[in-house]
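A look at the structure
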Amino acid sequence: MKIVNCIMKNLFLFVLSLLFILFFGCSSSQKSIKGLSYDPPGSVITTDKEIEQQHKRTISFSLTKVFVSNEFDGGKLNDFYKINDTLYAAEMYAENAPINNSAWFSFKLWSPIKQNIHLVLKYKDGSHRYIPKLSYDGTAWQIIDSSNYFVDTTNNTATVKLHVGLDTIWFSAQELFTSNMYYKWIDELSKKQFVKKEKIGNSALGKPLVKIEISETENPKGLVYIIGRQHPPEVTGAFALKHFVEAIAGDSKLAEEFRKKFKTIVIPLVNPDGVDMGHWRHNSNGVDLNRDWVNFNQRETKIVKESLLKIKEEDNVPVLFCIDFHSTQKDVFYVTSKDLTKEDDEIYNQTMIWFEKIREKNPDYFVNIDTSLNNPNSSTSDSWMYNTFNCPALTYELGDETERESIKQTSSSAAEALMELLLEKVKR
Ligand SMILES: [Zn+2]
């Protein structure tokens, strides 16, 4: 019996060590972390689809004197009702389904009577994703205190405790960054004499699609293309784009030298309708714009494509780098795959040099690179740019909850790294 026990014990230890090796033995210390890039079946069709219209309104409860409203750009609240005197439910519906789960919510609350309320956040065609952000003016935001926030992963809901009073609370999945805020930012930026703005067309609902051009030369040696906000809730990607562009338009010697050699084109807001409608993913026609870069069924993608092609044709210089800003659960760079038919893939090598430079500037930051998803035949913007301009083209994703200061630091230094890389390239 003792021998049998001993054999069993050794066998158990052997299996345990085998499992340990399998799990940890082959992984490097810097594993790739995959983002939330799953497309539910049917969500990639880009012809117009029905959407569920959101009713804009203010709801009041006469007994408890609680008021709630979604009547502002970016607002999202489909239903709101009382469960008991201190517990309410807020329901958010996706604009249509199937849809990638980016369950956006955004509404305002107030009450003439100071009181604590509990709120259950419920979703149709999605589950709770974003840690709530609070603001008293719609501009300065703070993340909800973790002691007032509980996620129920079984029911895909979350419950929050809020102190409401006369001062209106803005309660939102992420900070609000609506079309008007973009237009103001663009106006401010274009006060610089080397920044020009131009309307390149209108969205399906008539909102301006604006292009920014940053350059201090009539004869650029090459072009850099930057686009963003195809997906409405991806606010952290929008922040990164803003810091990135501000570094290129900044006062540093490097930026000045860069602008005297190159032209940067930025289309920061590709989906203004979706952003202002509080959509989870799609434009006003219910379509994921970043799956429309083969068929170009949507007005917004068509206008952006034509604008980028026209600039290339008029300037008649190479496009050197393309970046599309997004957000997912973690910071990650989706890279256009290496062309395995080539021995020395210049496009891939350039991208890797850029990452190396970002690493050097941010020694404590993990540059998370994922080459597995980028299929050059896919219907995303980076694939179209890669195939059309034959240059590095990638998707730069920021984590939903990445520290805002860290976004500023890494995206500004990523812009510096790119400027250095391209200046070195023309000097060679
Ligand atoms: Zn996205």
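Whatever comes next refers back to the structure up there.
Residues numbered from 1 in each chain as written. Predicted model: local features only at pLDDT ≥ 70, side-chain atom pairs only at ≥ 80, totals over all residues. Heavy atoms only, no water.

**Some remarks on the coordination of the zinc ion**
Our working definition: Here a donor is any nitrogen, oxygen or sulfur atom (N, O, S) within 2.8 Å of the metal, with 3.2 Å used for Na, K and Ca; water is not among the atoms considered, so some sites may look incomplete. Only two sets of limits are used to name each site, 85 to 135 degrees for every angle of a tetrahedral four-donor site, and over 155 degrees for opposite donors with all other angles from 65 to 115 for a square planar four-donor or octahedral six-donor site, with any other site named irregular. Relative accessibility thresholds used throughout: buried, under 20% of the residue-type maximum; exposed, over 50%; partly exposed, between the two (1.4 Å probe, protein chains only).
Only His-231 (ND1), Glu-234 (OE), Glu-234 (OE) and His-326 (ND1) from the protein coordinate the zinc ion, and they sit 2.1 to 2.5 Å from it. What the four donor atoms of the zinc ion show is an angle range of 55 to 145 degrees at the metal, which sorts the shape as irregular. Positions of the donor residues of the zinc ion, expressed as sequence spacing, correspond to H-x2-E-x91-H. The burial state of His-231 is the same as that of Glu-234; both residues are buried.

**Quick word on the pattern of salt bridges**
What counts here: One speaks of a salt bridge when a side-chain nitrogen belonging to Lys or Arg is within 4 Å of a carboxyl oxygen belonging to Asp or Glu. Numbering of helices and strands runs from the N terminus, with a helix taken as a DSSP run of H or I at least four residues long and a strand as a DSSP run of E at least two residues long.
Counted under the stated rule, the structure contains 27 salt bridges. Glu-401 is the salt-bridge partner of Lys-133, the closest N and O atoms lying 3.0 Å from each other. Of the two residues, Lys-133 is situated in strand S7 (residues 133-135) and Glu-401 in the loop between strand S19 (393-399) and helix H9 (404-427); the sequence distance between them amounts to 268 residues. Judged by its relative accessible area of 3%, Lys-133 is buried. Across the salt bridge formed by Glu-346 and Lys-425, the nearest N and O atoms sit 3.9 Å from each other. Of this pair, Glu-346 sits in helix H7 (residues 346-361) while Lys-425 sits in helix H9, and the two are 79 residues apart along the sequence. Judged by its relative accessible area of 37%, Glu-346 is partly exposed.

**Some points on the packing of aromatic side chains**
What counts is decided by this rule: Whether two aromatic rings pair depends on their centres lying within 6.5 Å, for rings of Phe, Tyr and Trp, where Trp uses its six-membered ring; planes under 30 degrees apart make the pair stacked, over 60 edge-to-face, and the rest tilted.
Under the definition given, this model contains 25 aromatic pairs. When the centroid spacing of 5.6 Å and the interplanar angle of 10 degrees are considered together, the rings of Phe-67 and Trp-110 count as stacked. You can see Phe-67 sitting in strand S2 (residues 66-69) and its partner Trp-110 sitting in strand S5 (residues 106-110), a full 43 residues away along the chain. When its relative accessible area of 25% is taken as the criterion, Phe-67 is described as partly exposed. Residues Trp-384 and Phe-389 carry aromatic rings whose centres are separated by 5.4 Å and whose planes lie at 85 degrees to one another, so their mutual orientation is edge-to-face. Across this residue pair, the class does not change: Trp-384 and Phe-389 are buried. Among the aromatic residues, those joined into a cluster by ring pairs are Phe-244, Phe-321, Phe-325, Phe-333, Trp-354, Phe-355 and Tyr-396.

**As for the environment of Tyr-136**
Here is the rule: What makes two residues a contact is simply this: any of their non-hydrogen atoms within 4.5 Å.
Position of Tyr-136 among the secondary structure elements: in the loop between S7 and strand S8 (141-143). Remark: the alpha-carbon pair of Tyr-136 and Gly-75, spanning 61 residues in sequence, is separated by 15 Å. With near-sequence residues (within four places) excluded, Tyr-136 lies in contact with Asp-167, Thr-168, Ile-169 and Trp-170.

**Let's talk about the sheet that holds S7**
We count it as follows: When DSSP finds two or more bridges between a pair of strands, those strands are recorded as paired. In this analysis an axis means a line fitted to C-alpha atoms, helices contributing only their contacting stretch, and an angle means the value between N-to-C directions, from 0 to 180 degrees.
Read across the open sheet, the six strands follow the order S1-S2-S5-S11-S7-S8; overall the sheet is antiparallel. The sheet is open, and its two borders are formed by strand S1 (58-61) and S8, each paired with just one other strand. Going across the sheet, the axis of each strand differs from the next one's by a mean of 25 degrees, ignoring polarity. In this sheet, strand S11 (residues 169-172) lies alongside S7 in antiparallel orientation, the contact comprising three bridges. Within S11, the residue paired with Ser-135 across the bridge is Trp-170.

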